[in-house]
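Below are the chains, spelled out letter by letter.
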Amino acid sequence: MPKSALTIPALLDRLEEIYGRQETGWPVDPYEFIVWWHCGYPASDVACARGWERLTSEVGIEPHRLLKASLAKLASALKAGGMVPELRALRLQEIALRVDNEFGGDLRTALVGPLSDARKTLKKFPGIADPGVDRILLFAGIAPLAAVASNCPHVLVRILRGKEDENYGANYRAAQQAIMAQVPQKFDARSRAYLQLKRHGQEICKRSYPKCEKCPVNSHCAFFAGQRRGAALS
Ligand code: SF4
């Protein structure tokens, strides 16, 4: 165990002192988020923002605009976001077609019923799995879920337990359960947890090479305590 374990809210306070208040850097409307997610590949905030900027200025993102544009024009805009722009252009037209045909151009109205139905609806879109669904529903203000950034579930697992599991799903569920247990089921509290842990994972607690020696919360971290003991981590 670390010298002094922190509760998750106290840990988030500490991270907020370091990184400041975090804001979302992506559109929070469900349809717009799904479009944004396809604007970059490999998907990252930077890649998606680049593709999104070009797409919004050259084509627009409304379903009828995506459907009217040629695949070549879409791919040309999406190139700013990285690899496989042609495939992403096709995906965008699939998304736009579905939103237009099935939801009358308004995906949000299809997500207001039971949560299980909203999850099923979102998971039918390409590239959207459980972490994406949690993120969409939380930041769209639909359900205050314990969402965890898809590239950072290891952060909380390391701090609370030590070395993360090799299984991605097990890490994701463990991080979610910890948030569910300690972070109030409120939009602002759950969003803050998502954003601060994501930032920490991007800056310091990187998946492959965490910078533990310079980490500002290392004295509260089970992973770091295990390393220092030189003992096998569990
Ligand atoms: S001490 Fe290392 S493992 Fe723990 S939170 Fe900091 S960077 Fe991550």
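The residue numbers shown here count from 1 along each chain, following its written sequence. This being a predicted model, a pLDDT of at least 70 is required before a residue's local features are given, and a value of 80 or more before pairs of side-chain atoms are given or counted; all residues contribute to the totals for chains, interfaces and linings. In computing side-chain values, all of the structure's heavy atoms are included and hydrogens and water are not.

J.: Please explain the overall build of the protein chain as it appears in this structure.
T.: The secondary structure listing takes helices from DSSP runs of H or I that are at least 4 residues long and strands from runs of E that are at least 2 residues long, numbered from the N terminus. Scanning the protein chain from N- to C-terminus turns up 12 helices and zero strands. Start at the N end of the protein chain and walk to the C end: the helices and strands fall as α-α-α-α-α-α-α-α-α-α-α-α. Note on method: radius of gyration uses C-alpha positions; expected globular size equals 2.2 Å times residues raised to 0.38. Here the C-alpha radius of gyration of the protein chain, 19 Å, is about what a compact globule of 234 residues would show, namely 17 Å. Viewed in the frame of its principal axes, the protein chain has a C-alpha envelope of about 60 × 35 × 30 Å. Here the term buried applies to any residue with accessible area under 20% of the maximum for its type, exposed to any over 50%, and partly exposed to those in between, with areas from a 1.4 Å probe on protein chains only. The buried share of the protein chain, taken over its 234 residues, is 47%. Should any heavy atoms of two residues lie within 4.5 Å, those residues are considered in contact. Considering only residue pairs separated by 6 or more positions, the protein chain has 61% of its internal contacts joining residues 24 or more positions apart. About 11800 Å² of surface is accessible on the protein chain, with carbon and sulfur atoms providing 52% of the total. A 1.4 Å probe and the Shrake-Rupley method give the accessible areas. Residues count as covered only by the protein chains that appear here.

J.: Please explain the site of the ligand as it appears in this structure.
T.: A cutoff of 4 Å decides nearness: a residue is near a molecule or strand if any of its heavy atoms lies inside that distance of it. Neighbouring residues of the ligand: Arg158, Ile159, His200, Ile204, Cys205, Pro210, Cys212, Cys215, Asn218, Cys221, Phe223 and Phe224. Mapped by element, the contributors of at least two residues to the shell around the ligand are α9 (153-161) and α12 (222-229). In this count, Pro and Cys sit with the nonpolar residues alongside Ala, Val, Leu, Ile, Met, Phe, Trp and Tyr, while Asp, Glu, Lys and Arg are called charged and the others, Gly among them, polar. The class makeup of the residues in the shell around the ligand is nine nonpolar, two polar and one charged.

J.: How should the pattern of salt bridges be read in this particular structure?
T.: Pairing is possible between side chains that carry opposite charge, provided their charged atoms lie close to one another. In what follows, salt bridge is the name for a side-chain nitrogen of Lys or Arg lying within 4 Å of a carboxyl oxygen of Asp or Glu. The tally for this structure, following the rule as stated, stands at 14 salt bridges. Salt-bridge contacts for arginine 21 lead to glutamate 23; the nearest nitrogen and oxygen are separated by 3.7 Å. Judged by its relative accessible area of 67%, arginine 21 falls in the exposed class. Judged by its relative accessible area of 58%, glutamate 23 is exposed. Salt bridges sharing common partners tie together Arg119, Lys123, Asp130 and Asp134.

J.: Can you walk me through the environment of tryptophan 36 in this structure?
T.: As for its placement among the helices and strands, tryptophan 36 is situated in helix α2 (residues 30-37). Among the residues examined, tryptophan 36 registers a relative accessible area of 1% and is labelled buried. Tryptophan 36 has contacts with Gly25, Trp26, Pro27, Ser44, Asp45, Cys48, Ala49, Trp52 and Arg135, leaving out every residue within four places of it along the chain.

J.: It is not clear to me how the environment of arginine 88 should be interpreted in this structure. Could you clarify?
T.: Checked against the element boundaries, arginine 88 lands in helix α6 (residues 85-103). For arginine 88, a relative accessible area of 4% translates into the label buried. For the pair formed by arginine 88 and tryptophan 37, sequence separation is 51 residues and the distance between their alpha carbons is 9.8 Å. When near neighbours in sequence (up to four residues on either side) are disregarded, arginine 88 contacts His38, Cys39, Gly40, Tyr41, Leu78, Gly81, Gly82 and Met83. At 2.9 Å, the side chain of arginine 88 forms a polar contact with the backbone oxygen of methionine 83. Here a polar contact means two N or O atoms within 3.5 Å. Within protein one must be a hydrogen donor candidate and the other an acceptor candidate, and residues neighboring in sequence count only if both atoms are side-chain atoms.

Remember that the coordinates give geometry; whether it matters functionally is a separate question.
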